[in-house]
Amino acid sequence: MEQQYSDQELARRAKLEKLIESGIDPYGHAFEQTHHSKEIKETYKGKTHEELEELNACVSVAGRIMFIRKMGKASFFTIKDKEGLLQVYIRIDNVGEEAYNLFKMADVGDICGVKGRIMVTQTGEITVCCTEYTHLVKALKPLPEKYHGLTDIEERYRKRYLDLMMNDDSMLTAMLRPSIIKAMRTYFDSLGFVEVETPVLNTSRGGATARPFITHHNALDMDLFLRIATEIPLKKLLVGGMERVYEIGRIFRNEGIDTRHNPEFTTVELYQAFGNLDSMMDLTEGVFRFIAEKVFDGKMQYEFGGEVIDLSKPFRKVSMCDLIKEKTGIDFKANNYSLDEAKALAKEHDIKIEPHFTVGHIINEFFEKYCEEDLVQPTFLMGHPIEISPLTKENPEDPRFVERFEFYICGTEYANAYTELNNPIEQKKRFEEELREREMGNDEAGDIDESFLDALEYGMPPAGGIGIGIDRLVMFFTGSPSIRDVLLFPHMRNK
């Protein structure tokens, strides 16, 4: 079927042919940029016409044409580079008739190069007075209208390139994300942690409770799992003696998609030999405040989810069972309920029971139903049941629970931390319990990782470990309501 073009698209294709006939490559060549828009505006802001004439500052810039105002023998147009917009003044007397005619063929959306000197207009706008105009790229499709053309949020996610062109907030978020990750690296490195890389393809699904993606390796004729966590290999490095390690990397979980979940996402996992849960609390508070200091000029209050979140105060510490008791009157800590008793309590409170549930799973369901959304200010949630924490050291005072926290802001989990389980005999028992869960229908439960058990038998030092969701962290700092806003290429259903 022959493709149908709009009138605008036909006109642009006609101009494409004219460029070719004139001996001009419609898709250009390298062009040297000496400056970007923000640098120019900041450097020459407040200068008078006379001061700029005396300076005779020359620049070479390039960008996409976003606006054109043609006025006979002189025109204004605006280009956009990675830092923002910059106005250009072009005059036939300055560039010559041939170059000016070439400019007159330009459309909004084309990419060009401009050499010229800095001037200021009568309205005080810093402008490049063009002395040399270079066509670089012909755009065959018109850009969306600024206020009407890219309002469909699904289309913004599908065509992120248009979103970045048209929406300054999207570009800002895209540029802030790497700055935030760089600050995290700087902070961890300053504490003596070493960044490492571990396999994405694994023979075991271990390291978290999640449904994995499965792929097949042809040469080895074996199924492999895309990693659901980086935990197991990083702990093996502690066994090897690396002591302080972290990895920033992509994680893959075969789960649903919503404002907080994407099938592939980015985490940092970090492990500290001879540390514990307290070490991870200090690190969590430290990295959040370091990001605020280095990336956001020390700002400690952030509007998010309709709340003002304060990072300057010590983060709150609460117990899962204490919160449940406050909300429901049920004290799971003081009462050692049997499974039947816990199921009866769940039924009274309209909590759905799965076949693999134990008392610990039911406690967690009570928390999620009654307490989770109330954790607004930065909060360390502690006191998790042992059944839902297969890689965590048990609480020596009450072995029903473990030394673990989840870090919450506005009812959303941002981090998960443990005092790590390093007893190979106990770890094998936990793996076997997970295997039983999977046999009972929990397809998110893990299996027995023999290679990890083998490593533990050589001795892993006592350690603290944490995983932080980088996408959610970026959502918080940029005030983004959806994970799709902070992923450049979120997964979308096929049209």
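Here is what the cut-offs are and how they apply
- Residues numbered from 1 in each chain as written.
- Predicted model: local features only at pLDDT ≥ 70, side-chain atom pairs only at ≥ 80, totals over all residues.
- Heavy atoms only, no water.
- Disulfide = S-S within 2.5 Å.
- Buried < 20%, exposed > 50% of the residue type's maximum accessible area, 1.4 Å probe, protein only.
- Helix = DSSP H or I, 4+ residues; strand = E, 2+ residues; numbered from the N terminus.
- Pairing = 2+ DSSP bridges.
- Axes fitted to C-alpha atoms, helices over the stretch in contact; angles between N-to-C directions.
- Core = buried A, V, L, I, M, F, W, Y, C linked by side-chain atoms within 4.5 Å.
- Contact = heavy atoms within 4.5 Å.

Thoughts on the state of the cysteines
The tally for this structure, following the rule as stated, stands at zero disulfides. In this structure C130 is not part of a disulfide, and its nearest cysteine sulfur, from C129, lies 7.6 Å away. Unpaired in terms of disulfides, C371 finds its nearest cysteine sulfur in C321, a separation of 9.7 Å. Judged by its relative accessible area of 2%, C371 is buried.

Observations regarding the environment of D169
Its place among the elements puts D169 in helix α8 (residues 168-190). Along the primary structure D169 and P263 are separated by 94 residues, whereas in three dimensions their C-alpha atoms are 24 Å apart.

A closer look at the sheet that holds strand β3 (residues 84-91)
Strand pairs in the sheet, formed through backbone hydrogen bonds, run parallel or antiparallel to each other. The sheet built from five strands closes into a barrel, its strands ordered β1-β2-β3-β5-β4 with mixed pairing. For this sheet, the mean angle separating the axes of adjacent strands, direction not counted, is 55°. Here ten bridges tie strand β4 (residues 111-120) to strand β5 (residues 126-137), and the two strands are oriented antiparallel to one another. Within the sheet, the bridge partner assigned to V114 lies in β5 and is Y133.

Overview of the nonpolar core
Residues F188, F288, I291, L311, F476 and F477 are the most contacted members of the largest nonpolar core, which totals 48 residues. Top contributing element to this core by residue count: helix α10 (residues 277-295), with ten residues. Those residues in contact with F288 that sit more than four places away from it in its chain are L311, F315, F407, I409, Y414, L473, F476 and F477.

Overview of the environment of L52
By secondary structure assignment, the location of L52 is in helix α3 (residues 49-55). A relative accessible area of 2% means that L52 is categorised as buried. Spatially, the C-alpha atom of L52 lies 52 Å from that of V376, the residues being 324 residues apart in sequence.

Some thoughts on the sheet that holds strand β15 (residues 379-382)
Strand order in the open sheet formed by eight strands is β6-β10-β11-β20-β19-β18-β15-β14, with mixed pairing between adjacent strands. If you trace the sheet from one side to the other, it starts and ends with β6 (194-195) and β14 (316-319), each paired once. As paired strands, β6 and strand β10 (residues 244-252) are joined by two bridges and run parallel to one another. Across the sheet, the residue bridging to E195 is Y246, located in β10. Here helix α11 (residues 320-328) sits on the sheet in contact with β14 and β15, set at roughly 75° to β14.

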